[in-house]
Amino acid sequence: MGIFQRFARLPLKSTYIWSLCPQYSTDLTTVDSALIVRSSQLIQHRCVHSRVMGASPGNTGAAPPRLPFSRVTQEDLAFFRALLPGRTITDPDLLKSSNVDWLKTVEGNSEVLLRPKTTEEVSQILRHCNERNLAVCPQGGNTGLVGGSVPVFDEIILSTSLMSQVITFDNISGILTCQAGCVLENLSNYLEERGFIMPLDLGAKGSCHIGGNVSTNAGGLRLLRYGSLRGTVLGLEVVLADGRILNCLATLRKDNTGYDLKQLFIGSEGTLGVITAVSILCPHKPKAVNVAFLGCSSFQQLLETFQRCRGMLGEILSAFEFLDASCMSLLEKHLKLTNPITESPFYIVIETAGSNATHDEEKLHKFLEEVMTSSLVTDGTVATEATKIKALWSLRERVTEALTHEGYTYKYDISLPVEKIYDLVQDMRGHLGDMAKNVVGYGHVGDGNLHLNITSPSKDPALLAAIEPYVYEWTSEWKGSISAEHGLGLKKRNYIYYSKPSEAVALMGSIKAMLDPKGILNPYKTLPDNIH
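This structure is a prediction, so every number in the text was calculated from the model and none was measured.

Parameters and conventions
Residues numbered from 1 in each chain as written. Predicted model: local features only at pLDDT ≥ 70, side-chain atom pairs only at ≥ 80, totals over all residues. Heavy atoms only, no water. Helix = DSSP H or I, 4+ residues; strand = E, 2+ residues; numbered from the N terminus. Expected span 1.5 Å × (residues − 1). Buried < 20%, exposed > 50% of the residue type's maximum accessible area, 1.4 Å probe, protein only. Arc of directions from axis to C-beta. Contact = heavy atoms within 4.5 Å. Pairing = 2+ DSSP bridges. Axes fitted to C-alpha atoms, helices over the stretch in contact; angles between N-to-C directions.

Caption draft 1: Region of interest: helix 20 (residues 502-515). The first and last C-alpha atoms of helix 20 sit 20 Å apart over 14 residues, in line with the 20 Å expected at 1.5 Å per residue. Of all the positions in helix 20, only Val505, Gly509, Lys512 and Leu515 are classed as buried. Seen from one end, helix 20 has its buried residues packed into an arc of 135°, which puts them on one side. Across from the buried face of helix 20, at angles greater than 90 degrees, the exposed residues are Glu503, Leu507 and Met514. Lining the buried residues of helix 20 we find helix 11 (262-265).

Structure below.
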C-alpha cells in the first residue's frame, strides 16, 4: 500500500485546515453596490449579435420594455393579506434581498413578496394573478447565476421559503417526498441520519431549494455517479398559471402510461408552472468515502488521468472535478486558503464512494500508483476523515465565492466534448488579451461541463462585446450547449439559438402559450424576445 500510504500521510498543512472554515457557509461578501444594475436596465442595453443562428432580424436587439401586465392595487393587497396573514410583505427594506440576485448583478422592482405555506395557497395566488393579469416571479433560494430568480420589473415575488416540510420518506425504497422550499443541505442532513443521501450536491446547498434545483435541472457534483434530476425525480406537484394543481407526485420508478409530464417542468425555470412538491429517489449513504486532490502539469494529462480513473475506479467513482492554477490563486488571494500540494497548472478532485473501505482503498491505491508511476499526476493528497474531506472539497466549491472578490465577473456555463473544454479557456485568454483581469476555468470533467469566468475591475461594455457572441459561436462550432446546468434565465435567453434550432424554440413557445396563455409566469425569462 506504499502509494496510498504516501498520499494518506501527506499532511493537510496546518494553515490549510484553519483557513478553511469547518462550518460550510454560503454567505458571500457583499459586492460593491455600484456593480448592481436593474434587470430592466440590463436587458435594454445588452444587444444580441445579429448572427443568431436560425433567427430572423426581428429576433435580435434589445429586450422588450415592460409587457402590459396589470399593476398591484390595494384590492389585490387586501386579497393577499386575507389569504396570507403576516406573509404578504410590502416593506421595501424586507423586499430588498429578494429583488437582487445572488451575484448582486441584477435587481428588480417588485413591491410585493408572497410567502405561501401550502400548495392550495399557491393555487389561490396564481388563480388571482391570472385573472388580474399580474406577472409573477417564482423564487426559491435565489442562488441562480443567470438572473432567473428575481423580477425584471414589478412582478410579484412568490417565495417557496416557508414550504419546507418533508412529507414522507420510505426507508426501503429510498424515495423522499417533500415540499419545494426544502433547503438542499437540510434534506441532505435529514437523509444522512437515516442512512441515505441526496443524489444532488451543490456549492450553494446551504441556501438553494429543491424546487429551484428541479426547476433549473441543476447538475452539481454527483451527476457523474447518480445522473441528472431528469432521472432521479420520480414525481412533481405543480401549480399551473391559472391555479390548477397538477398532482404527479408519483413514487414509482416505472410508469409508462402516456406522456411523462414532469419532464416539462424539470428545467423550465418557473415559466410553465410553480413546483410545490417533489418526490426523488435517494441512494444509500456510502459507508466508505475517499477524496483525492491531485496535481497535473497539462490538461491532456488530466484527461488521461480521467480515462484511467473511470477504468480503474469504476463503480466507486463518485466525482471528478477540476480547477486551473488561476482558480487556486484566487482561493489563496481572496479566501486565504492554502494549496495542500505542490503548485500545478491543473488540479483534480476525485471522490470515491462505496460500501467496503478495504475494497475501495485497494482500488484507489492501484489507481494512484498507476497515475503516479506514469507521471500523469505530479503530486497529491488523500482524505478519508469527514473534516479533511470537506476541506478538500472547499477548494472546488468556493471558487465562485473567491471570484466575487475579483470585481465584476462574466460567468459562462458551457458543455462541450470533454477534450475541448479547456481549449475554450485558452482561446478566450488569447482573444481578450489585456482586456480581462482574469480568465479562469473549472468544472465537471465527468460530464463535459466547463465554468468559464472572466473578471474585470468593474462592469465593462467593451469587454462584454468582445466576449459575446464569441463565446457562444465557439461553443456552437463544437456542438456544445451555452447552458449546461445554470439555465437561461434573463441573461442568456436570447442566445438560445446557438444551442437549439428555431423549430425547437418555436415549439417551446407553443408549450408556454398552452400552459400559460397570458404569460404571467416569469416573463422575460428563458424564452427569447421574439417568442413574447
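Now that the structure has been shown, the text picks up again.
Caption draft 2: Representation of unusual backbone geometry. Residue Glu468 is joined to Pro469 through a cis peptide bond whose omega torsion reads 15°. Within the element layout of this structure, Pro469 appears in the loop between helix 18 (461-467) and helix 19 (470-477). One non-glycine residue, Asn133, lies in positive phi territory at about 60°. Tracing the backbone through its elements, the reader meets Asn133 in the loop between helix 6 (119-132) and strand 5 (136-139).

Caption draft 3: Fine view of the sheet that holds strand 18 (residues 449-456). Strand order in the open sheet formed by 7 strands is 15-12-14-13-17-18-16, with antiparallel pairing between adjacent strands. The sheet is open, and its two edges are formed by strand 15 (379-383) and strand 16 (408-415), each paired on a single side. The mean inter-strand angle of the sheet, taken between neighbouring strand axes irrespective of direction, is 15°. The sheet contact formed by strand 12 (residues 288-296) and strand 15 spans 5 bridges and is antiparallel. The partner of Val291 across the bridge, within strand 15, is Ala383. Sheet strands touched by helix 12 (residues 299-313): strand 12, strand 13 (317-324) and strand 14 (346-354). Its angle to strand 13, the strand with the most contacts, is close to 175°. Of the strands in this sheet, strand 12, strand 13, strand 14, strand 15, strand 17 (438-444) and strand 18 touch helix 15 (residues 386-397), which is tilted by about 45° from strand 12.

Interpretation in functional terms is not warranted from these geometric data alone.
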